[in-house]
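Chain and residue survey
Below are the chains, spelled out letter by letter.
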Amino acid sequence: MKNKPQNASQKAMSTTGYAYAFLLILQTMLIGVNAENRIQQGDSPIEVLIWMINQCIPVLKQASSLQNKKPKKSLLPKHRRSEDQ
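Predicted, not measured: the structure shown is a model, and the values here were computed from it.

A closer look at the overall build of the chain
Each helix and strand in the chain was counted, giving three helices and zero strands. N-terminal to C-terminal, the α/β element order of the chain is α-α-α. A total of about 7,800 Å² of accessible surface is found on the chain, and carbon and sulfur atoms cover 60% of it.

Some points on the environment of Leu23
Locating Leu23 in the fold gives a position in helix H1 (residues 8-40). Expressed as a C-alpha distance, the spacing of Leu23 and Val59, which sit 36 residues apart in the sequence, is 10.0 Å.

Topic: the nonpolar core
Of all hydrophobic cores here, the largest spans six residues; its members are Leu24, Ile31, Ala35, Val48, Trp51 and Val59. Within the residue set of this core, elements represented by two or more residues are H1 and helix H2 (45-68). For Val59, the residues in contact, after removing those within four places along its chain, are Leu24, Gln27, Thr28 and Ile31.

Description of H2
Side chains three or four residues apart in an α-helix point the same way, a direct result of the helix having 3.6 residues per turn. Here H2 spans 34 Å end to end across 24 residues, near enough to the 34 Å set by a 1.5 Å rise per residue. Where H2 is concerned, the buried positions are Val48, Trp51 and Val59.

Examining the environment of Tyr20
Mapped onto the fold, Tyr20 is located in helix H1. According to the relative accessible area criterion, Tyr20 is partly exposed, its value standing at 39%.

Some remarks on the confidence of the model for the chain
Residues shown with low pLDDT carry predicted positions that ought not to be read at fine detail. This prediction gives the chain a mean pLDDT of 78; 66% of its residues lie at or above 70. At the low end of the mean pLDDT range in the chain sits helix H3 (residues 78-84), at 54; at the high end sits H2, at 88.

So, the pattern of salt bridges
Considering all chains together, one arrives at one salt bridge under this definition. For Arg38, the salt bridge goes to Asp43, with nearest N and O atoms at 3.2 Å.

What counts, and where the lines are drawn
- Residues numbered from 1 in each chain as written.
- Predicted model: local features only at pLDDT ≥ 70, side-chain atom pairs only at ≥ 80, totals over all residues.
- Heavy atoms only, no water.
- Helix = DSSP H or I, 4+ residues; strand = E, 2+ residues; numbered from the N terminus.
- Areas by Shrake-Rupley, 256 points an atom, 1.4 Å probe, with all protein chains shown as cover.
- Core = buried A, V, L, I, M, F, W, Y, C linked by side-chain atoms within 4.5 Å.
- Buried < 20%, exposed > 50% of the residue type's maximum accessible area, 1.4 Å probe, protein only.
- Contact = heavy atoms within 4.5 Å.
- Expected span 1.5 Å × (residues − 1).
- pLDDT = per-residue confidence, 0-100.
- Salt bridge = Lys/Arg side-chain N within 4 Å of Asp/Glu carboxyl O.

Below, the structure is given as structure tokens:
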């Protein structure tokens, strides 16, 4: 079974998805570094864990909203859209 070649919009969408994923991972890593610093400054591990959970909830919401995002409608005229599919 042959794979269909990707058009430019599909490639851009996958590149954008990778960029979002990388940024969400980076954000999560920075939360972990900040948590480690808080523990070293004397905060209790339980307080830091609660803080981390509160910091990660928005990250999870962002990831979920990106996953549920529907592709935008094409701006091409109808006769051109059928050629791309």
